[in-house]
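Per-entry structural report
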Amino acid sequence: MARSIPALAVLLCCAGAASAEDSKVVIRWHGQSFFEIISTKGTRIVTDPHAIEAYGRPMVQADLVLMTHFHVDHTRLDAITNIKKAKQINALKKGEGGRDEWNVIDEKFKDVRIQTLGTFHDDMAGTQRGKNGVFILDVDGLRIVHLGDLGHALSREQLKKITKNEDNPREPRPVDVLMIPVGGVYTINGLEAQKVVEQIKPTRYILPMHYGTRVYDDVLGLDYFLDEQKMGTVKKFTTTNELAIDPKAEAPKEPIIAILNWEKKGRAGKKD
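Residue numbering note: each chain is counted from 1, following its sequence as written. Per-residue local features are limited, in this predicted model, to residues with pLDDT of at least 70; the limit for side-chain atom pairs, both in listing and counting, is 80 or more; totals at the level of whole chains, interfaces and linings are taken over all residues. Each side-chain value is derived from all of the structure's non-hydrogen atoms; neither hydrogens nor water enter the calculation.

**A word on the layout of surface pockets**
Selection rule: Lining residues are those with an atom within 4 Å of a point, where the points come from a 1 Å grid over the protein atoms alone and group into cavities, where a 1.4 Å probe fits but cannot get out, or pockets, open sets with protein on both sides within 12 Å along at least five of seven lines. Grid points are joined across faces, edges and corners, and a volume is the space filled by probe spheres set on the points. Secondary structure elements are taken from DSSP: a helix is a run of H or I of four residues or more, a strand is a run of E of two residues or more, and numbering for both begins at the N terminus. Amino acids are sorted into nonpolar (Ala, Val, Leu, Ile, Met, Phe, Trp, Tyr, Cys and Pro), charged (Asp, Glu, Lys and Arg) and polar (every other residue, Gly among them).
Reported here for the largest pocket is a volume of approximately 270 Å³. Along the wall of the largest pocket there are 14 residues; nearest its centre are Tyr211, Lys236, Ile259, Leu260 and Trp262. Elements supplying a minimum of two residues to the lining of the largest pocket: β14 (233-237) and β16 (256-260). Residue classes in the lining of the largest pocket are distributed as eight nonpolar, three polar and three charged. The wall of the second largest pocket is formed by 13 residues, among which Arg113, Asp138, Arg143, Asp167 and Arg173 lie closest to the centre.

**Notes on the pairing of β16**
The two faces of the sheet receive side chains in turn, since in a regular strand these alternate between them. What counts is decided by this rule: Three exposure classes are used, based on accessible area relative to the maximum for each residue type with a 1.4 Å probe and protein chains only: buried under 20%, partly exposed in between, and exposed over 50%. By definition, two strands form a pair when at least two bridges between them are found by DSSP.
Extensive coverage of β16 is indicated by the burial of five of its five residues. Across two bridges, the pairing between strand β13 (residues 205-209) and β16 is parallel. Residue pairing across strands places Tyr205 opposite Ile256, the latter belonging to β16.

**Concerning the sheet that holds strand β3 (residues 44-47)**
Neighbouring strands of a sheet are bound in pairs by backbone hydrogen bonds; such pairs are parallel or else antiparallel. Our working rule: For helices, the axis comes from a line fit to the C-alpha atoms of the stretch in contact; other axes are also lines fit to C-alpha atoms, and the angle between any two N-to-C directions lies between 0 and 180 degrees.
An order of β5-β4-β3-β2-β1-β15 is seen for the six strands of this open sheet, with the pairing classed as mixed. Each edge of the open sheet is held by one strand with a lone partner, namely β5 (87-90) and β15 (242-245). Adjacent strand axes in the sheet meet at a mean angle of 15°, parallel and antiparallel pairs treated alike. Sheet analysis places strand β4 (residues 64-67) next to β5, joined by four bridges and oriented parallel. Directly across from Val65, in β5, lies its bridge partner Gln88.

**Brief notes about the nonpolar core**
The line we're drawing: Remark: nonpolar core denotes a set of buried residues (Ala, Val, Leu, Ile, Met, Phe, Trp, Tyr, Cys) joined through side-chain atoms within 4.5 Å. The criterion used for residue contact is that any of the two residues' heavy atoms lie within 4.5 Å.
Of all hydrophobic cores here, the largest spans 58 residues; its most connected members are Ile27, Ile114, Leu147, Ile180, Leu207 and Phe225. With sequence-adjacent residues up to four places away left out, Leu147 is seen in contact with Asn132, Gly133, Val134, Ile162, Leu178, Met179, Ile180, Pro181, Val196, Ile200 and Met209. Ranked by size, the runner-up nonpolar core spans nine residues in total, among them Val46, Val60, Ala79 and Ala86.

On their own, these measurements won't tell you what the molecule is for.
If you want it as structure tokens, here you go:
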């Protein structure tokens, strides 16, 4: 009987650890604007999948695939291993004459609420690069906003939509996690992104995306976004692409600018 006590203790310990992990929202970054978001109930949301060779052509499973516009580095459905079973939503749709139009979405999928917001891919009302969509997600009490290939500062009306609070219309709903492009060239650059962060004022995490890295330099790096920034505390995750958020925990005193790696080091089939 005495020998069974340590084994029982191990089982209880492991069960507790699994329970703690299940209570967190997991976010993984795969380069560019490609994220996985996994709710505490296990719903897998994938945003803007790509197949960029420099990032190892990541392959993931999904229950829901969200695409902010039609460009190929945001719509590679072959990166989803179970795509026939996954629900797909593009923030744009083809309208009359094949022209891109905003696809207005406000719906619930499993335990996730999805809303879209129409923006532009440039600062000239879309005349250069067309339209772009923003996804506003409510997951486990967290508001997560993915800005896609945003090309301009937000208008007052756009900002109101992002922070709309149905429970208390007089008070804006804080954005907990902001995924924001910072690499310029095709989107807002680092300095412009700082201004958009100031508009939105995220409370927990700022996740820069669509920027140049040591393996992919088609767009600018992080320097302009991080230089002399007053947005929050910079934390570099050099060995992992993963962030785990406890939705019940209090927000930090200032948001964390999380610089994720684009892969998890030591993962099978990946080089360290």
